[in-house]
Amino acid sequence: MASQPGLSDLRRAKFARRAPAALSELAGPEHGTVSLPLHLAWSGLTTFDLDKPRLRMSCYRIVLAEGQHDDLIQYLNRGLLINLWPTLRTLISCDVREVWEHSFDELAHSTQAAA
(Lines give C-alpha, C1' and ligand atoms only; values in the text may rest on other atoms or scores of the structure.)
Protein backbone atom coordinates (compact mmCIF):
# COMPACT_ATOMS: atom_id res chain seq x y z
CA MET A 1 0.00 0.00 0.00
CA ALA A 2 1.38 3.42 -1.00
CA SER A 3 1.99 5.85 1.80
CA GLN A 4 0.14 9.14 1.85
CA PRO A 5 2.11 12.37 1.55
CA GLY A 6 2.86 14.06 4.85
CA LEU A 7 1.75 17.54 5.83
CA SER A 8 5.14 19.01 4.99
CA ASP A 9 5.02 17.42 1.51
CA LEU A 10 1.59 18.94 0.92
CA ARG A 11 2.74 22.36 2.10
CA ARG A 12 5.83 22.26 -0.12
CA ALA A 13 3.68 21.32 -3.13
CA LYS A 14 1.37 24.26 -2.39
CA PHE A 15 4.27 26.73 -2.20
CA ALA A 16 5.87 25.28 -5.36
CA ARG A 17 2.63 25.81 -7.33
CA ARG A 18 2.55 29.45 -6.25
CA ALA A 19 6.19 30.25 -7.04
CA PRO A 20 7.12 32.14 -10.20
CA ALA A 21 8.98 30.34 -12.97
CA ALA A 22 11.94 32.71 -12.55
CA LEU A 23 12.99 35.38 -10.07
CA SER A 24 13.08 37.85 -12.96
CA GLU A 25 9.24 37.78 -12.87
CA LEU A 26 9.27 39.49 -9.46
CA ALA A 27 8.30 43.05 -10.34
CA GLY A 28 7.50 44.52 -6.94
CA PRO A 29 8.72 47.91 -5.73
CA GLU A 30 12.17 48.50 -4.23
CA HIS A 31 11.22 51.58 -2.20
CA GLY A 32 8.20 53.33 -0.80
CA THR A 33 5.08 52.18 0.96
CA VAL A 34 3.27 48.95 0.16
CA SER A 35 -0.29 48.26 1.30
CA LEU A 36 -1.02 44.55 1.34
CA PRO A 37 -4.58 43.33 0.77
CA LEU A 38 -6.42 41.61 3.60
CA HIS A 39 -6.03 38.13 2.07
CA LEU A 40 -2.28 38.55 2.73
CA ALA A 41 -2.06 40.71 5.83
CA TRP A 42 -5.15 39.59 7.71
CA SER A 43 -3.75 40.26 11.17
CA GLY A 44 -1.70 43.23 12.32
CA LEU A 45 -0.02 45.68 9.95
CA THR A 46 -1.21 46.00 6.37
CA THR A 47 1.02 48.89 5.27
CA PHE A 48 4.80 48.55 5.10
CA ASP A 49 7.54 51.11 4.40
CA LEU A 50 10.10 49.23 2.32
CA ASP A 51 12.76 51.78 3.26
CA LYS A 52 12.61 50.59 6.88
CA PRO A 53 14.48 47.27 7.25
CA ARG A 54 12.19 45.65 9.84
CA LEU A 55 9.02 46.57 7.96
CA ARG A 56 10.54 45.42 4.65
CA MET A 57 11.43 42.06 6.21
CA SER A 58 7.94 41.69 7.70
CA CYS A 59 6.31 42.46 4.36
CA TYR A 60 8.43 39.87 2.53
CA ARG A 61 7.81 37.24 5.20
CA ILE A 62 4.04 37.73 4.91
CA VAL A 63 4.00 37.69 1.11
CA LEU A 64 6.13 34.54 0.92
CA ALA A 65 3.95 32.73 3.45
CA GLU A 66 0.50 33.89 2.36
CA GLY A 67 0.85 35.05 -1.23
CA GLN A 68 -0.57 33.45 -4.32
CA HIS A 69 1.42 33.48 -7.57
CA ASP A 70 0.19 36.93 -8.64
CA ASP A 71 0.86 38.38 -5.17
CA LEU A 72 4.46 37.17 -5.26
CA ILE A 73 5.03 38.83 -8.62
CA GLN A 74 3.31 42.07 -7.60
CA TYR A 75 4.84 42.61 -4.16
CA LEU A 76 8.29 40.97 -4.26
CA ASN A 77 11.31 42.48 -5.98
CA ARG A 78 14.04 40.19 -7.29
CA GLY A 79 16.98 42.31 -6.08
CA LEU A 80 15.51 42.91 -2.63
CA LEU A 81 14.61 39.25 -2.21
CA ILE A 82 18.15 38.13 -3.03
CA ASN A 83 19.64 40.71 -0.66
CA LEU A 84 17.22 39.86 2.15
CA TRP A 85 17.37 36.09 1.69
CA PRO A 86 20.24 35.20 4.09
CA THR A 87 18.24 36.70 6.98
CA LEU A 88 14.74 36.17 5.62
CA ARG A 89 15.31 32.41 5.25
CA THR A 90 15.64 32.19 9.05
CA LEU A 91 12.24 33.89 9.57
CA ILE A 92 10.09 31.80 7.22
CA SER A 93 8.90 28.21 7.48
CA CYS A 94 11.27 25.46 6.40
CA ASP A 95 8.75 24.44 3.72
CA VAL A 96 8.81 27.88 2.07
CA ARG A 97 12.59 28.06 2.40
CA GLU A 98 13.17 24.63 0.86
CA VAL A 99 10.87 25.30 -2.10
CA TRP A 100 12.43 28.67 -2.93
CA GLU A 101 16.03 27.53 -2.50
CA HIS A 102 15.39 24.39 -4.53
CA SER A 103 13.63 26.40 -7.27
CA PHE A 104 16.07 29.31 -7.49
CA ASP A 105 19.84 28.80 -7.47
CA GLU A 106 20.32 32.53 -6.87
CA LEU A 107 18.78 32.19 -3.42
CA ALA A 108 20.76 29.08 -2.52
CA HIS A 109 23.95 30.83 -3.68
CA SER A 110 23.16 34.03 -1.76
CA THR A 111 22.91 31.91 1.38
CA GLN A 112 26.26 30.25 0.72
CA ALA A 113 27.92 33.59 -0.01
CA ALA A 114 26.65 35.02 3.29
CA ALA A 115 28.01 32.08 5.28
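For the structure, see preceding data.
Residues numbered from 1 in each chain as written. Predicted model: local features only at pLDDT ≥ 70, side-chain atom pairs only at ≥ 80, totals over all residues. Heavy atoms only, no water.

(A) Structural view of the overall build of the chain. Counting secondary structure elements, the chain contains six helices and two strands. Mapped from its N terminus to its C terminus, the chain presents α and β elements in the order α-β-β-α-α-α-α-α. Scaling as 2.2 N^0.38, a compact globule of 115 residues should have a C-alpha radius of gyration of about 13 Å, and the chain matches this with 14 Å. Taken over the C-alpha atoms alone, the chain extends approximately 55 × 35 × 25 Å along its principal axes. In the chain, the share of contacts with a sequence separation of at least 24, taken over all contacts with a separation of at least 6, comes to 62%. In the form shown here, the chain has an accessible surface area of approximately 6,700 Å², with 52% of it arising from carbon and sulfur atoms. Between the averaged position of the 12 positive side-chain charges in the chain and that of its 13 negative side-chain charges there is a distance of 6 Å. (Helix = DSSP H or I, 4+ residues; strand = E, 2+ residues; numbered from the N terminus. Rg over C-alpha atoms; globule rule 2.2 N^0.38 Å. Contact = heavy atoms within 4.5 Å. Areas by Shrake-Rupley, 256 points an atom, 1.4 Å probe, with all protein chains shown as cover. Lys, Arg positive; Asp, Glu negative; His and termini not counted. Charge placed at Lys NZ, Arg CZ, Asp CG, Glu CD.)

(B) Molecular detail of the environment of Tyr60. Turning to its location among the elements, Tyr60 is positioned in helix 2 (residues 53–66). When its relative accessible area of 0% is taken as the criterion, Tyr60 is described as buried. With 34 residues separating them along the chain, Tyr60 and Cys94 place their C-alpha atoms 15 Å apart. Among all residues touching Tyr60, those that are not within four sequence positions of it are Pro29, Leu50, Tyr75, Leu76, Asn77, Leu80, Leu81, Leu84 and Leu88. (Buried < 20%, exposed > 50% of the residue type's maximum accessible area, 1.4 Å probe, protein only.)

(C) The arrangement of the nonpolar core in detail. Core analysis: the biggest nonpolar cluster contains 31 residues, and Leu36, Leu64, Leu81, Leu88 and Trp100 have the highest contact counts within it. Breaking this core down by element, the ones donating at least two residues are helix 2, helix 3 (69–75), helix 4 (78–88) and helix 5 (94–103). When near neighbours in sequence (up to four residues on either side) are disregarded, Leu88 contacts Met57, Tyr60, Arg61, Leu64 and Leu81. (Core = buried A, V, L, I, M, F, W, Y, C linked by side-chain atoms within 4.5 Å.)

(D) Focus on the pattern of salt bridges. For the structure on display, the rule yields six salt bridges. Put simply, Arg11 and Asp95 hold a salt bridge, and the shortest N to O gap is 2.8 Å. Residue Arg11 is located in helix 1 (residues 7–18), and its partner Asp95 is located in helix 5; the two are separated by 84 residues in the primary sequence. Using a relative accessible area of 28% as the deciding quantity, one classes Arg11 as partly exposed. Relative accessible area serves as the criterion here: at 5%, Asp95 is assigned to the buried category. Close ionic contact of Glu106 with Arg78 constitutes a salt bridge, the shortest N to O distance being 2.3 Å. Of the two residues, Glu106 sits in helix 6 (residues 105–114) while Arg78 sits in helix 4, which places them 28 residues apart along the sequence. (Salt bridge = Lys/Arg side-chain N within 4 Å of Asp/Glu carboxyl O.)

(E) Inspection of the packing of aromatic side chains at higher detail. This model, assessed by the stated rule, comprises one aromatic pair. Taking the centre distance of 5.2 Å and the plane angle of 50 degrees together, the rings of Trp100 and Phe104 count as tilted. Overall, the relative accessible area of 5% leaves Phe104 in the buried class. The ring of Phe15 is capped by Lys14, whose NZ or CZ atom sits 4.7 Å from the centre of that ring. (Phe/Tyr/Trp six-rings, centres within 6.5 Å; stacked < 30°, edge-to-face > 60°. Lys NZ or Arg CZ within 6 Å of the ring centre and 35° of its normal.)

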